[in-house]
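Listed here are the chains, written in short residue letters.
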Amino acid sequence: MDCPSREKELNEQQSECQDGSNCPDYSPATAESNSESPRILKILQKWIPTVSPYFDKEHYCYADHQITIQESLDNFGAIVWPGALALSQYLESNQQEINLKDKKVLEIGAGTGLVSIVACILGAYVTATDLPEVLENLKLNISRNTQNLNIHQPEVRKLVWGEDLSEDFPKSTHHYDFILASDVVYHHTSLDPLLTTMAYLCQPGTVLLWANKFRFSTDFEFLEKLRNILIVTLLAEFPESNIKLFKATVKEN
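Here we summarise the structure given alongside this text. Computed from a prediction, not measured in an experiment: that's the story for all the values here. (Residues numbered from 1 in each chain as written. Predicted model: local features only at pLDDT ≥ 70, side-chain atom pairs only at ≥ 80, totals over all residues. Heavy atoms only, no water.)

## Overview of the nonpolar core
Operational definition: We call a set of buried Ala, Val, Leu, Ile, Met, Phe, Trp, Tyr and Cys residues a nonpolar core when their side-chain atoms join them within 4.5 Å. Three exposure classes are used, based on accessible area relative to the maximum for each residue type with a 1.4 Å probe and protein chains only: buried under 20%, partly exposed in between, and exposed over 50%. Working definition: helices are DSSP H or I runs of at least four residues, strands are E runs of at least two. Numbering for both runs from the N terminus. We call two residues contacting when some pair of their heavy atoms lies within 4.5 Å.
Residues I67, L91, L100, L114, L180 and L209 are the most contacted members of the largest nonpolar core, which totals 42 residues. In terms of residue count, helix α4 (residues 114–121) provides more of this core than any other element does, 7 residues in total. Ignoring sequence-local partners within four residues, the contact set of L180 consists of L87, L91, V105, L106, E107, I108, V115, A119 and L209. Grouped together as the second largest cluster of nonpolar side chains are 28 residues, F169, V185, L208 and V232 included.

## What to know about the sheet that holds strand β9 (residues 230–238)
Heads up, the condition is: Paired strands, in this sense, are two strands between which DSSP finds at least two bridges.
The strand order across the open sheet formed by 8 strands is β1-β9-β10-β8-β7-β4-β5-β6, and the pairing between neighbours is mixed. This sheet does not close on itself; its edge strands, each paired only once, are β1 (39–40) and β6 (155–158). In this sheet, β9 lies alongside β1 in parallel orientation, the contact comprising 2 bridges. Its bridge partner being in β9, I40 is matched across the sheet by E237.

## Comments concerning the packing of aromatic side chains
Going by this rule: Within 6.5 Å between ring centres, the rings of Phe, Tyr and Trp (the latter by its six-membered ring) count as paired, and their orientation is classed by plane angle as stacked under 30 degrees, edge-to-face over 60, tilted in between.
Per the stated rule, a full pass over the model turns up 5 aromatic pairs. Considering the side-chain rings of W210 and F214, the 5.9 Å spacing of their centres and the 45° angle between planes classify their relative orientation as tilted. The same class applies to W210 and to F214, which are both buried. Seen from their ring centres, W210 and F222 are 5.5 Å apart, and the 70° between their planes marks the pair as edge-to-face. Taken together, the positions of W210 in strand β8 (residues 207–213) and F222 in helix α8 (residues 217–229) put the pair 12 residues apart, joining distant regions of the chain.

## Here's the deal with the pattern of salt bridges
Quick note on the threshold: We define a salt bridge as a side-chain nitrogen of Lys or Arg found within 4 Å of a carboxyl oxygen belonging to Asp or Glu.
Overall, the coordinates contain 5 salt bridges when judged by the stated rule. Salt-bridge contacts for R39 lead to E97; the nearest nitrogen and oxygen are separated by 3.2 Å. Placement of R39 in strand β1 and of E97 in the loop between α3 (82–93) and β4 (104–107) is noted, with a sequence separation of 58 residues between them. A residue is classified by how much of its surface remains accessible, and E97, at 36% relative accessible area, is partly exposed. With its nearest N and O atoms 3.1 Å apart, the salt bridge here joins R227 to E224. Residue R227 and its partner E224 are located together in helix α8, separated by 3 residues, close to a single helical turn. R227 sits in the partly exposed class, given a relative accessible area of 34%.

## Digging into the packing of helix α7 (residues 191–201) against α8
The description of two helices packed together rests on the angle between their axes and the distance between the axes. Convention followed: What counts as an axis is a line fitted to C-alpha atoms, over the stretch in contact for a helix, and the angles between N-to-C directions run from 0 to 180 degrees. Note that the term roughly parallel is reserved for angles under 35 degrees, roughly antiparallel for angles over 145, roughly perpendicular for angles of 65 to 115, and oblique for everything else. Definitions for this section: a left-handed crossing has its near helix turned counterclockwise from the far helix by less than a right angle. A right-handed crossing has that turn clockwise. For this classification, Asp, Glu, Lys and Arg are treated as charged, while Ala, Val, Leu, Ile, Met, Phe, Trp, Tyr, Cys and Pro are nonpolar and the rest, including Gly, are polar.
Contact pair α7 / α8: the axes reach a minimum separation of 11 Å and the direction vectors enclose 30°. In terms of axis orientation, α7 runs roughly parallel to α8. Where α7 crosses over α8, the handedness of that crossing is right-handed. Contact with α7, carried on its side by L191, D192, L194, L195, M198 and A199, involves T218, F222, K225, L226 and I229 of α8 and no other residues of that element. In terms of residue class, the contact of α7 with α8 is made up of 8 nonpolar, 1 polar and 2 charged.

Right, dumping it as structure tokens:
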């Protein structure tokens, strides 16, 4: 099964657009590089329809590679959420802005591993992290989609938000160029440990890219708390999906 070409995608988008503002890939930031307005985007259909008796597998296409993801309805962390689709699409479509080639990348709450796999394909040294109960499926997906590619082989590690950070990820030896996160903020009790983890991992020179579907008031409260400790910029919005994509960096002393 072949992935549709990027040229075909663009042709299909152009045929659906009446003007630039209605085009899925249109953005003021693309038209005017100096504009500080966030890009207004739409999640493209990057999954590949298949006729299969296995309803727990989804097929996606990013960076000209077919990606097969094993999901599990038994765990929230083993489902591909819309924020992962938005972040994967942004990484693929904005490689000059977000250059992952030979960069050290850590994903928190990696879940099924889709974002980490895309980052690997784009040339990054990736560490995918999540809770212990998610790691088996995460390892399966990452191994299946990266083992035969000529890329930096990724690492899968346990990371419980807010716990043993200095022991498991000492700052002296674990500096990351990018921290990736998607749909890690929702109605759960670990928002403060998540905030602590983001703040800990973001060192000078680190860029946090966080995509999230905003569902609850607690999501906006988390955003305000993040703004208190990091410099946060809205990069893009996906209005049809209620997803926002943020970039964050450490504040200068």
